[in-house]
Amino acid sequence: IKTAVAQIAADELDVALDRIRVVTADTERAPNEGITAGSMSLQTSGLALRVAAAEARQILLAMAFEELEAQTAVTSLTVADGVITDPATGRQTTYWQLLGGQKFGRRITGLARPKSPGAYRLVGQPATRLDLPDKVTGAACYVHDLELPGMVHSRVVRPPAYDARLISVAETAVRQMPGVLRVVRDGRFLAVIAEQEEQAVRAAEALRAAALWQNDPALPPMAALYDQLVNAPAQASPVVDGTAVPEPVPPVAPPPTGAKTLTAVYSRPYQMHAALSPSAAVAQLVDGKLTVWSHSQGVPLLQHTIAHVLGLEPERVHLIHAEGSGCYGHNGADDAALDAALLARALPGRPVSLKWTREDEHAWEPYGAAMVIKTQASLDDQGAIVDWNHDVWSYPHTARPRPGGEESGLLAAWHLARPFAPPQPRPIHGYHFGDYRNADPLYALPQRRIVTHFVPASPLRTSSLRSLGAYANVFAIESFMDELAQAAGADPVAFRLQHLTDERAKAVIMAVAERAGWEKRPWPAKNGVGRGLAFARYKNSQCYTAVIVTVRVDWATGEIRLEQATIAADAGQIVNPDGLSNQLEGGFFQAASWTLCEEVVFDEEGITSRDWDSYPILRFTGAPVIQTVLLNRPDLPFLGGGEAAQGPTPAAIANAIFDATGVRLRRLPLTAVNMRQALADAASA
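First, a word on what this report is: a plain description of the structure on this page. Only a predicted model underlies this, so the values are computations on that prediction, with no experimental measurement involved.

Comments concerning the sheet that holds strand β3 (residues 92–94)
Stage number 1. Strand order in this open sheet of three strands is β1-β2-β3, and the pairing throughout is antiparallel. Looking at the sheet topology across the chains shown, the edges are occupied by β1 (78–80) and β3. Across the sheet, the axes of successive neighbouring strands diverge by a mean angle of 25°, strand direction being ignored.
Stage number 2. Here β1 runs beside strand β2 (residues 83–85); their pairing, made up of three bridges, is antiparallel. Its bridge partner lying in β2, Ala 80 is registered against Val 83.
Stage number 3. Contacts between helix α2 (residues 41–67) and the sheet are confined to β1, β2 and β3, with β2 contributing the most and set at about 50° to the helix.

What about the sheet that holds strand β6 (residues 180–186)?
Stage number 1. Spatially, β6-β7-β4-β15-β12-β13-β14 is the arrangement adopted by the seven strands of the open sheet, whose pairing is mixed. Strands with a single pairing partner mark the edges of an open sheet, and in this sheet they are β6 and β14 (317–321). This sheet shows a mean twist of 20° between the axes of neighbouring strands, independent of strand direction.
Stage number 2. Examined bridge by bridge, β6 and strand β7 (residues 189–194) share six bridges and lie antiparallel to one another.

Some details on unusual backbone geometry
Stage number 1. Looking along the chain, the bond that leaves Trp 523 and enters Pro 524 is cis, with omega of 5°.
Stage number 2. Following the sequence through the fold, Pro 524 ends up in the loop between α14 (503–516) and β19 (529–537).
Stage number 3. For the bond running from Leu 668 to Pro 669, omega is -5°, close enough to zero to count as cis.
Stage number 4. Within the secondary structure, Pro 669 sits in the loop between α16 (648–661) and α17 (672–684).
Stage number 5. The residue Lys 526 is not glycine, and still its phi comes out positive at about 55°.
Stage number 6. Tracing the backbone shows Lys 526 in the loop between α14 and β19.

Thoughts on the packing of helix α15 (residues 577–596) against α16
Stage number 1. Here α15 crosses α16 at 55°, and the two axes come no closer than 8 Å. In terms of their interaxial angle, α15 and α16 are classed as oblique. α15 and α16 meet at a crossing whose hand is right-handed. Residues Phe 588, Ala 591, Ala 592, Thr 595 and Leu 596 of α15 touch α16, and the partners they reach there are Thr 649, Pro 650 and Ile 653.
Stage number 2. Considering only residue class, the contact of α15 with α16 consists of six nonpolar, two polar and no charged.

Side note on the packing of aromatic side chains
Stage number 1. Per the counting criterion, the structure on display carries nine aromatic pairs.
Stage number 2. Aromatic side chains Tyr 270 and Phe 602 sit 6.3 Å apart centroid to centroid with 75° between the ring planes, which places their arrangement in the edge-to-face category. Of this pair, Tyr 270 sits in the loop between β11 (260–268) and β12 (280–286) while Phe 602 sits in strand β22 (residues 602–603), and the two are 332 residues apart along the sequence. The same class applies to Tyr 270 as to Phe 602, namely buried.
Stage number 3. Ring geometry for Trp 388 and Phe 480: centres 5.6 Å apart, planes at 65°, overall edge-to-face. Here Phe 480 lies in helix α12 (residues 470–488) and Trp 388 lies in strand β17 (residues 385–394), a separation of 92 residues in the sequence.
Stage number 4. Classification of Phe 480 by relative accessible area gives buried; the value is 0%.
Stage number 5. The rings of Tyr 270, Tyr 395 and Phe 602 are connected pair by pair, giving a single aromatic cluster.
Stage number 6. Geometry around Tyr 328 places Arg 466 over its ring, the cationic atom sitting 3.7 Å from the centre.
Stage number 7. Over the ring of Phe 658 we find Arg 664; its NZ or CZ atom is 4.7 Å from the centre of that ring.

Some points on the environment of Val 136
Stage number 1. One can find Val 136 in helix α4 (residues 132–137).
Stage number 2. Classification of Val 136 by relative accessible area gives exposed; the value is 65%.

A word on the pattern of salt bridges
Stage number 1. Across all of its chains, the model carries 28 salt bridges by this definition.
Stage number 2. The closest approach of N and O atoms between Asp 81 and Arg 19, which form a salt bridge, is 2.7 Å. Of this pair, Asp 81 sits in the loop between β1 and β2 while Arg 19 sits in the loop between α1 (2–13) and α2, placing them 62 residues apart in sequence.
Stage number 3. Residue class for Asp 81 comes out partly exposed when judged on its relative accessible area of 30%.
Stage number 4. A salt bridge links Asp 131 to Lys 135; the shortest N-O distance between them is 2.7 Å.
Stage number 5. Overall, the relative accessible area of 26% leaves Lys 135 in the partly exposed class.
Stage number 6. Salt bridges here are not isolated pairs; linked through shared partners, they connect Arg 129, Asp 131, Lys 135 and Glu 323.

Each value, and the rule that gives it
Residues numbered from 1 in each chain as written. Predicted model: local features only at pLDDT ≥ 70, side-chain atom pairs only at ≥ 80, totals over all residues. Heavy atoms only, no water. Pairing = 2+ DSSP bridges. Helix = DSSP H or I, 4+ residues; strand = E, 2+ residues; numbered from the N terminus. Axes fitted to C-alpha atoms, helices over the stretch in contact; angles between N-to-C directions. Contact = heavy atoms within 4.5 Å. Parallel < 35°, antiparallel > 145°, perpendicular 65-115°, else oblique. Left-handed = near helix turned anticlockwise from the far one by under 90°. Nonpolar A, V, L, I, M, F, W, Y, C, P; charged D, E, K, R; others polar. Phe/Tyr/Trp six-rings, centres within 6.5 Å; stacked < 30°, edge-to-face > 60°. Buried < 20%, exposed > 50% of the residue type's maximum accessible area, 1.4 Å probe, protein only. Lys NZ or Arg CZ within 6 Å of the ring centre and 35° of its normal. Salt bridge = Lys/Arg side-chain N within 4 Å of Asp/Glu carboxyl O.

Taken by themselves, the reported measurements are silent on function.
Following this line, the structure appears as structure tokens:
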């Protein structure tokens with residue numbers, strides 16, 4: 001996104017791209033833009049920057065008109081890489097000469113008109129990502145790599161389970177280990193600080209061995225997860241035009257014109273962010289002023305949340321964004337920031353680098369919520385959908401830390417001697433929010449009933465994971481659309497087009513079908529190789545995306561291999577086609593990993609999937625050939641594409657598996673074990 005916003009600014013200002021330096025979130029240098037979430041960066045930050053740059057250019061041209069005593073109208077002065085020329089006289093000045101290093105000091109009016117699409121030179125063109133050189137050469141670029149003078153290193157020793165109580169800890173021997181500067185104990189919060197990182201690692205291992213915990217089994221049997229979810233106390237609301245409303249839930253009422261009615265149940269497990277590098281932060285407390293470097297997605301919010309836990313005024317906390325290895329949602333980044341802040345408070349003056357372990361990340365990060373979706377629809381005697389029902393049961397999808405009261409969303413705050421309580425989950429009735437994001441299909445349906453069943457009491461910690469509920473909802477909708485197409489005897493592409501009135505949606509589906517070489521034929525093929533289609537418009541308001549996947553299924557082992565994927569997308573005006581392709585292809589691969597591999601495993605004692613063996617992810621060997629088709633709409637607004645591929649991907653894979661085998665898989669993940677069982681069940685039916 002840094003590259004895209006740099007392109008917008010450079011183009012609007014008429015300067016070279018390499019003159020632009022992008023400063024990400026910093027509570028003392030940048031505006032408060034809230035949380036980086038919802039695929040809104042271009043629609044909010046990008047658009048705001050376009051307006052600001054247009055006004056800056058207008059101000060500079062007005063200044064140049066006076067400076068040059070121009071004989072040309074101000075709107076006809078020319079600009080080339082910041083050099084302003086009066087064509088009538090040839091006199092020139094530059095942006096930097098006009099400002100002399102001073103700030104503008106002007107309030108943006110919004111009256112300056114940005115350029116027309118035809119005038120852009122950089123927007124819409126590929127540009128090398130600004131962040132890539134350091135990443136591909138291994139230079140220091142992440143918060144984990146940050147080196148500050150006098151920096152020390154730390155590790156936190158977590159409880160063995162959510163509710164484990166610390167009975168005792170033998171600290172003396174650990175305090176005497178080489179390099180150890182502090183052993184920090186505050187309630188259940190245990191940590192070590194040492195001069196060198198390897199010393200901190202060894203001391204943390206020793207401290208873990210020296211701690212005695214009491215753990216009373218508290219988690220339900222994993223096998224009962226979905227039954228418990230559907231039968232738990234829930235807050236049910238109908239979803240009308242994409243928004244949950246506080247009204248009675250209408251009953252399911254099949255229409256009299258329904259000739260055939262189908263039902264299906266789909267589910268997803270808890271899934272991790274599984275960032276390749278565990279969370280980290282650096283903090284330093286000097287003269288009562290705390291500075292924290294974090295890869296949080298909500299830097300301004302985290303400033304206030306940390307201040308709340310530590311009892312500081314927010315202006316005494318300076319939060320600076322530093323890159324992490326990616327998470328796409330609320331992972332452990334915010335928690336690590338508080339860990340570092342607590343340890344900086346224990347050792348004032350010196351910067352403290354705090355890194356989570358892989359086990360910390362897997363066992364303690366907030367997961368994507370488990371969900372169950374029940375669908376029912378009726379077809380008329382012409383094979384058209386005349387009724388649609390979609391009920392979604394889900395644990396909370398958002399628990400981002402917020403300041404206030406006796407609650408905190410930050411992990412360490414729960415473990416202190418004077419603990420804060422975890423926030424009480426409550427439904428948020430916003431447009432396509434949380435569990436019901438994309439539960440309302442974009443298709444033209446004469447009768448629809450969408451209901452959210454919000455279950456607040458999740459046994460595992462949950463919060464925002466890329467696309468929130470859209471991943472599971474679109475999986476259910478687009479799998480069910482294929483089931484309905486089969487019942488209607490229709491081609492999957494033609495069936496979707498039949499039920500769409502949005503021309504941009506139709507164009508995306510036709511584009512992906514053309515590029516993938518889709519042909520109408522009898523289906524399912526049941527020959528071990530299949531193709532599947534899925535489509536969605538993220539939040540019914542952002543990027544349109546259609547995906548076609550080719551899979552190969554091994555009848556003996558149940559192994560599912562992705563052979564080819566084609567993605568078509570309409571994200572409005574495209575700023576950087578390479579960047580958009582990166583997002584779509586990366587989103588596809590992440591969602592494919594969720595779909596084929598990923599499931600948080602637990603027992604009554606706690607989380608057991610604590611490494612890459614117990615929580616496998618898709619490897620490079622599982623990557624298909626991917627081709628991407630971008631439908632540029634330069635005259636239309638930006639549409640966020642960051643989460644656009646998450647929803648269509650699982651359904652496209654499941655639909656391809658059905659074409660390959662004739663077996664419908666509705667429970668994620670679609671592992672080889674589950675595939676073998678489904679094939680066996682089908683053979684014995």
